[in-house]
Structures are given as C-alpha cells and as structure tokens.
Amino acid sequence: MSKRAIITGITGQDGSYLAELLLSKGYEVVGVVRRASAPNYWRIQHILDRVTLRPADLLDQLSLIRLVDEVRPHEFYNLAAMSFVPASWDQPMLTGEFNAQGVTRVLEAIRQVDPKIRVYQASSSEMFGKVREVPQTEMTPFYPRSPYGVSKVFAHYITVNYRESYDLFAVSGMLFNHESPRRGLEFVTRKVTDGVARIKLGLSKTLALGNLDAHRDWGFAGDYVRAMWLMLQQERADDFVIATGIAHSVRDLVEVAFGHAGLDWQTYVTLDPKLIRPAEVEHLIGDCSKAKAQLGWQPAVDFTGLVKMMVDADIERVAAAPQLADRLSTI
C-alpha cells in the first residue's frame, strides 16, 4: 500500500519540489491550499493531475482536524508560513498567528486524530539571528532578529514540546537559505537573477539592492526537500541543521549572476538604504555534520551551479513571455 502525505504550502517553492519527490517515491500526495480568488498553482501546474488539493487553513483549527481525519496521512509536512522575513516587520501579529500558533494547531490536530502520524516542521536558520557561534549547529542558542525569526523559534520549541509530552514523531528541519528558479521575486536571490535577466534582455537598466555584505548559506531547494523526507524515515524523531556549510555574501551572488550573463555588475547595481532590514542578520552558516552522519544527506548542487541555474531559467522565462513574467512570478 502506498504512503499518503499531506503537504501544507504545496504551492510554494519547497512544497512543489517535495511533492515531486514524494510522487517519484509512489506516495499519494494531498496538498493543502487556502481559498483564494486567484489560484496560485504555477509551481505545481505540471503535477496537478497527480496530486489532490484540499482546502484548509493554519488559522482555522477545525479545518485542520477535518483534513487530518479525512485523509489519515502517514506523514504530514508543514511548510506553510508567512515566509518573507522583511514583511514580518509590517505584519508581526499575523506572522505569529501563521508561523507560531498555526504550528500548534497542526500538532494539536494530529495529537487528537492520530498521534502515529509523522510530522515535519519547517524551522529556519533565521532563528539563529545574531549568531552566538559560527558555524551554527543543532546546539547553537537562538537569537532571532525579526518577528519571523521569533515566530519560528516558538514553532520549533512547540514541536519539541509535543514530541516530548505526547510522544509524537515530530521533527524540525533547521533549513538554511535554499533557492531555485521557483523562488519568489521578493527574495534577494531571485530578485538578482530576475534583474540580471531583464538587464540582459534590455528590459531594465539598473538593479537596486540593500546590504551587499550580508552573508548567507545558500543551497538548492531540490536538495533540501530530500532531507525533509529522510528525517521522517528515521527510527527516532530528531532535529537537524540542513545547510551547505559554505557562506557567500550578497556581493558574491551578484558577481556570479551578472558574470554568468556576461555583464559587469558594478555598471548596473545601485544601493538603496531603504532595503536594509531594521536588524540585520550578518553571518549565517550551518554545520550539517549531523545530517550527513545520521541521514546520509549532502547537497548535490553548489552555490555557483545554483546561481547559474536560476539566471538561465529567468532569462528563458523573461525572453519567452516578458509581458507575463512579472505576473507569474509574484502571484
């Protein structure tokens, strides 16, 4: 009998890659979608005939209980969140409702309906914030620097609490930045690669950015969802840092992206102080030794390969339908 999995956030970057992975392994995949006037299915358009979409909402406890009761999954991947860090300053209360209390609602629904369901919770490197040590491990103390980071710390510890209090198989993946051609345009990697494509094709003349010296540990989303799945296949529930272990600056990102397109970045990039966060996270770099040792996981795509992949995809997308590119990438 094939396994069944529920994925919240299936229309997002990670959800789409995870759905592909689970389908390749013979799973029945149920994706959770919020009711909206305009469907946001472009990332999963190619697999819509192979997944089942069900309405539910992290803000609505009853909808989650009904979902879990009717589907009775073997695995539940909670990837839904208010995921754009700068926006969490504008909507801190809503960020907390989705990212913190929403996770509690998921865990409580599983506890009530079927405690044997295995749960994956999407934690974040933003929990480390003002880092206490470099690189960051599973034992590094948290020091979040945004409402998003704070909400993720709550979600992380409520997952640990339910695991220890109710013996749920509940794990958290402390994923460092992971990108792809399916990343939203509001994120700096995609903003850069899309900007390069537009400049290359003569549709833009400049690209405005904030802090070029901020460092991130960037990996490929397709690699990282494989780690999520591996966490739920273990004998014992545990939490893992998932990262490449190599940090790059935004400046490095810009140099590789523009260079791949044959452009001099200094000719086109402008600095805008309004794009700098109120409290910046300067140097995130993860130590994934535990994941390598216990899960047998390691990333397959390196930083340069990732950036080139994204630049190529954006040039192809913008060149094919420039009038549609903005709409499809920001919905």
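Everything that follows concerns the structure shown earlier in this document.
Here is what the cut-offs are and how they apply
- Residues numbered from 1 in each chain as written.
- Predicted model: local features only at pLDDT ≥ 70, side-chain atom pairs only at ≥ 80, totals over all residues.
- Heavy atoms only, no water.
- Phe/Tyr/Trp six-rings, centres within 6.5 Å; stacked < 30°, edge-to-face > 60°.
- Helix = DSSP H or I, 4+ residues; strand = E, 2+ residues; numbered from the N terminus.
- Buried < 20%, exposed > 50% of the residue type's maximum accessible area, 1.4 Å probe, protein only.
- Lys NZ or Arg CZ within 6 Å of the ring centre and 35° of its normal.
- Expected span 1.5 Å × (residues − 1).
- Contact = heavy atoms within 4.5 Å.
- Core = buried A, V, L, I, M, F, W, Y, C linked by side-chain atoms within 4.5 Å.
- Arc of directions from axis to C-beta.
- Polar contact = N/O pair within 3.5 Å; in protein donor to acceptor, adjacent residues only side chain to side chain.
- Pairing = 2+ DSSP bridges.
- Axes fitted to C-alpha atoms, helices over the stretch in contact; angles between N-to-C directions.

A. Main features of the packing of aromatic side chains. Throughout the structure, instances matching the rule amount to 9 aromatic pairs. Ring plane angle 90° and centroid distance 5.5 Å describe the contact between Tyr224 and Trp297, whose orientation is recorded as edge-to-face. Residue Tyr224 is located in helix H7 (residues 221–231), and its partner Trp297 is located in the loop between helix H10 (289–295) and helix H11 (303–320); the two are separated by 73 residues in the primary sequence. Under the relative-accessibility criterion, Tyr224 is labelled buried at 0%. Grouped by ring-pair contacts, the aromatic residues Phe128, Phe142, Tyr157 and Phe176 constitute a single cluster. Over the face of the ring belonging to Tyr166 we find Arg111, whose NZ or CZ atom lies 4.7 Å from the ring centre. Between the NZ or CZ atom of Lys290 and the centre of the ring of Phe240, over which it lies, the distance is 5.0 Å.

B. Looking closely at helix H1 (residues 13–24). The end-to-end C-alpha distance of H1, which contains 12 residues, comes to 17 Å, matching closely the 16 Å that a straight helix rising 1.5 Å per residue would cover. Counting buried positions along H1 gives 10 out of 12 residues, so the element sits mostly inside the fold. For H1, the complete set of buried residues consists of Gln13, Asp14, Gly15, Ser16, Tyr17, Leu18, Ala19, Leu21, Leu22 and Leu23. Buried positions along H1 lie against strand E1 (4–8), strand E2 (28–33), strand E4 (75–78), strand E7 (178–179), strand E10 (219–220) and H7. Looking one or two residues beyond H1, the residue adopting positive phi is Gly26, at roughly 85°.

C. Structural view of the nonpolar core. Within the largest apolar cluster, 62 residues are counted, with the highest numbers of intra-cluster contacts made by Tyr77 and Tyr120. Looking at which element gives the most residues to this core, the answer is H7, with 8 residues. Not counting residues up to four positions away in its chain, the partners in contact with Tyr120 are Phe76, Tyr77, Asn78, Leu79, Val171, Ser172, Gly173, Leu175, Met228, Met231 and Leu232. In terms of nonpolar packing, the next biggest core, distinct from the first, is built from 24 residues, Val32, Val71, Val103 and Ala155 among them.

D. Spatial organisation of the environment of Val30. Here Val30 is to be found in strand E2. Val30 sits in the buried class, given a relative accessible area of 8%. Considered as a pair, Val30 and Pro73 are 43 residues apart in the sequence and their alpha carbons are 8.7 Å apart. Once residues lying within four places of it in the same chain are set aside, the contact partners of Val30 are Ala5, Ile6, Ile7, Thr52, Arg54 and Val71.

E. Structural detail: H11. With 18 residues, H11 should cover 26 Å at 1.5 Å per step; its first-to-last C-alpha distance of 26 Å lies within 8% of that length. Every buried residue of H11 is listed here: Phe303, Leu306, Val307, Met310, Val311, Asp314 and Val318. Each buried residue of H11 lies within a common arc of 130° when the element is viewed along its axis, so the set occupies one face. Among the exposed residues of H11, those pointing more than 90 degrees away from its buried face are Glu316 and Ala320.

F. Representation of the side chain of Glu108 in the model. Within the secondary structure, Glu108 is located in helix H4 (residues 92–113). Within polar-contact distance, the side chain of Glu108 engages the side chain of Tyr162 at 2.5 Å. Once residues lying within four places of it in the same chain are set aside, the contact partners of Glu108 are Gln61 and Tyr162.

G. A look at unusual backbone geometry. A cis amide bond links Val134 with the next residue in sequence, Pro135, at an omega value of 0°. Structurally, Pro135 can be placed in the loop between strand E5 (118–124) and helix H5 (147–166). The backbone phi angle of Arg72 is positive, close to 50°, even though this residue is not glycine. Within the element layout of this structure, Arg72 appears in the loop between helix H2 (61–71) and E4. Phi is positive for Asp167, which is not a glycine, with a value near 60°.

H. Up close: the sheet that holds E5. Read across the open sheet, the 7 strands follow the order E3-E2-E1-E4-E5-E6-E11; overall the sheet is parallel. Of all strands in the sheet, those with a lone pairing partner are strand E3 (52–55) and strand E11 (240–242), marking the two edges. Each neighbouring strand pair of the sheet contributes to a mean axis angle of 25°, computed without reference to strand direction. Pairing geometry for E1 and E4, over 4 bridges, is parallel. Residue pairing in the sheet places Ala5 in a bridge with Glu75 of E4. The strands touched by H1 are E1, E2 and E4; relative to E1, the strand with the most contacts, the crossing angle is about 170°.

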